[in-house]
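Below, each chain spelled out in residue letters.
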Amino acid sequence: MNSFTVAAVQAAYVLLDRDATVTRVAELVAEAAELGAELVVLPEAFIPGTPLWIDSGPIWDGDGPWYSRLVEQAVIVPGPVTATLGTIARRHRVHLVVGVQEREPYGATIYNTVLYFGADGRLLHKHRKLMPTGSERTVWGQGDGSTLDVVPTPLGRLGGLICWENYMPLARFHQYAQGVDVWLAPTLARGDGWVATMRHIAREGRVWVVGVNPCLRVDQIPPGLPDRERIAPAPQPGDGDWIEPGNSVICDPNGQVVAGPLRHREGILTATIDLSQVTESRRLFDPTGHYHRPDIFSLIVDTRPKPAVSTVS
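Enquirer: Just checking my understanding: could you explain the overall build of the protein chain for this structure?
Expert: Helix and strand counts for the protein chain come out as six helices and 14 strands. Computed over its C-alpha atoms, the radius of gyration of the protein chain comes to 19 Å, within 12% of the 20 Å expected for a compact globule of 313 residues. When its C-alpha atoms are laid out on the principal axes, the protein chain stretches across 55 × 55 × 40 Å. Counting only residues that meet the buried cut, the protein chain has 54% of its 313 residues in that class. Taking contacts inside the protein chain between residues at least 6 apart in sequence as the whole, the part at least 24 apart equals 72%. Here the protein chain has roughly 13700 Å² of accessible surface; of this, 52% comes from carbon and sulfur atoms.

In structure tokens:
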């Protein structure tokens, strides 16, 4: 069975600056590869950063210039940014998983998307978040069932969900049924409750779980942004100057925390993934195998793409 090193990279992005953040990704992947990582995972919406304004003031109250900047700086898939990310993965011979804010080539709706790259630089898969949470719905559109695939790789079957998607039981079950081995959960969620969720998914799915957050201080907001002083909410009590305090964690298939949680600093968590632990754990509990009752329960998943327009010629 495969054994390899995974790196959960908790770092700051350059808010609303796509190219500068891609340069940051190159630096972080190089650092993770130096630590021996073969799988490198970066946070949710990392390129070009979290739309912080959704929680900093009344919705739609002067946030138009920030949204316009986000549309300009969003990632088109495939496109120049994905080509650069593929080159980074190939240069360091790592599988790379990174969160981006995506849009269609001629669209103004943003999607919360995670991209998967192989060690040869190929774009293997993209997953769009199915359901934005709360104020996120003022910025992000909804994904569909066509991007819920688990990704087969030489390292094992990679999958997972984004942030609070991880609370969707049927979405988890669909991933389990595809034989996911390593569960990747880029997120913005903070606190011990989220770590408990990561531990539960590890134990429920008998999977390795990698939860990875961004972290950002007030002084890391670029000075040139419009209305910089009000773009972000105030840090929560106990977080000092950290707007996003981090919360990255790695759990084994028994639900034990093997690295993290990492908070209030940038850093890289690493762990050795041993896939034999997945199969050994599923001998006791396989959620879609011997511990499932298909005679009682069934799940139907519509994996058809839902484009805005379908043309017939």
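Enquirer: Explain the sheet that holds strand E12 (residues 248-251) here, please?
Expert: Here we have six strands laid out as an open sheet, ordered E6-E7-E8-E9-E12-E13, and mixed in their pairing. Only two strands of the sheet have a single neighbouring strand rather than two, namely strand E6 (151-153) and strand E13 (257-262). Going from strand to strand, the sheet's axes swing by 15° on average, the running direction of each strand aside. Looking at chain direction, strand E7 (residues 156-159) and strand E8 (residues 182-186) are connected through two bridges and run parallel. Counterpart to Gly159 in the pairing with E8 is Trp183. Its contacts with the sheet put helix H5 (residues 192-205) on E8, strand E9 (208-212), E12 and E13, and the angle it makes with E12 is roughly 25°.

Enquirer: In this structure, what is going on with the nonpolar core? I would like to understand it.
Expert: Nonpolar side chains tend to gather and get buried jointly when the protein is soluble and globular. Of all hydrophobic cores here, the largest spans 47 residues; its most connected members are Val40, Leu42, Phe46, Ile47, Leu85 and Ile231. Mapped onto this core, the elements with two or more residues apiece are strand E1 (3-10), helix H1 (18-34), helix H2 (64-73), helix H3 (80-92), strand E3 (95-102) and strand E4 (111-117). With five residues, H1 is the largest single contributor of residues to this core. Residues Ile162, Trp183, Val207 and Leu269 belong to the second largest nonpolar core, which totals 45 residues.

Enquirer: Sorry, what's going on with the sheet that holds strand E2 (residues 39-41) here?
Expert: Sheets are built from strands that pair by backbone hydrogen bonding, the pairs being arranged parallel or antiparallel. One open sheet holds the six strands; their spatial order is E5-E4-E3-E2-E1-E14, and the pairing between them is mixed. Where the open sheet ends on each side, the last strands, each with one partner, are strand E5 (123-128) and strand E14 (267-274). Here the strands of the sheet are splayed against their neighbours by 20° on average, with no regard to which way each runs. As paired strands, E2 and E3 are joined by three bridges and run parallel to one another. When the bridges of E3 are listed, Val41 appears paired with Val97. The strands touched by H3 are E3 and E4; relative to E4, the strand with the most contacts, the crossing angle is about 35°.

Enquirer: Looking at this structure, how should I read the environment of Ile76?
Expert: Among the structural elements, Ile76 can be located in the loop between H2 and H3. On the basis of relative accessible area, Ile76 is assigned to the partly exposed category, the value being 25%. Residues Ile76 and Gln101, spaced 25 residues apart in sequence, show a C-alpha to C-alpha distance of 8.8 Å. With residues up to four places along the chain from it excluded, the contact list for Ile76 reads Thr82, Arg103, Glu104 and Pro105.

Enquirer: Just checking my understanding: could you explain unusual backbone geometry for this structure?
Expert: With the exception of glycine, the majority of residues adopt a negative phi angle, and the majority of peptide bonds are in the trans configuration. The step from Ile47 to Pro48 runs through a cis peptide bond, and the omega angle for that step is 0°. Here the residue pair Val77 and Pro78 is connected by a cis peptide bond, since its omega of -5° sits within 30 degrees of zero. By secondary structure assignment, the location of Pro78 is in the loop between H2 and H3. Positive phi, normally seen in glycine, also occurs at Arg206, with a value near 55°. Among the structural elements, Arg206 can be located in the loop between H5 and E9. Its relative accessible area of 9% is what places Arg206 among the buried residues. One non-glycine residue, His264, lies in positive phi territory at about 60°. His264 gets classed as partly exposed once you look at its relative accessible area, which sits at 33%.

Enquirer: Can you help me understand the pairing of E13 in this one?
Expert: One face of the sheet, then the other: side chains in a regular strand alternate in exactly this way. Where E12 lies against E13, three bridges are found, and the strand directions are antiparallel. Note that in E13 the partner of Ser248 across the bridge is Leu262. The hairpin turn running from E12 into E13, its antiparallel successor, is five residues long, and Gly255 in that turn takes a positive phi close to 85°.

Rules of the game
- Residues numbered from 1 in each chain as written.
- Predicted model: local features only at pLDDT ≥ 70, side-chain atom pairs only at ≥ 80, totals over all residues.
- Heavy atoms only, no water.
- Helix = DSSP H or I, 4+ residues; strand = E, 2+ residues; numbered from the N terminus.
- Rg over C-alpha atoms; globule rule 2.2 N^0.38 Å.
- Buried < 20%, exposed > 50% of the residue type's maximum accessible area, 1.4 Å probe, protein only.
- Contact = heavy atoms within 4.5 Å.
- Areas by Shrake-Rupley, 256 points an atom, 1.4 Å probe, with all protein chains shown as cover.
- Pairing = 2+ DSSP bridges.
- Axes fitted to C-alpha atoms, helices over the stretch in contact; angles between N-to-C directions.
- Core = buried A, V, L, I, M, F, W, Y, C linked by side-chain atoms within 4.5 Å.

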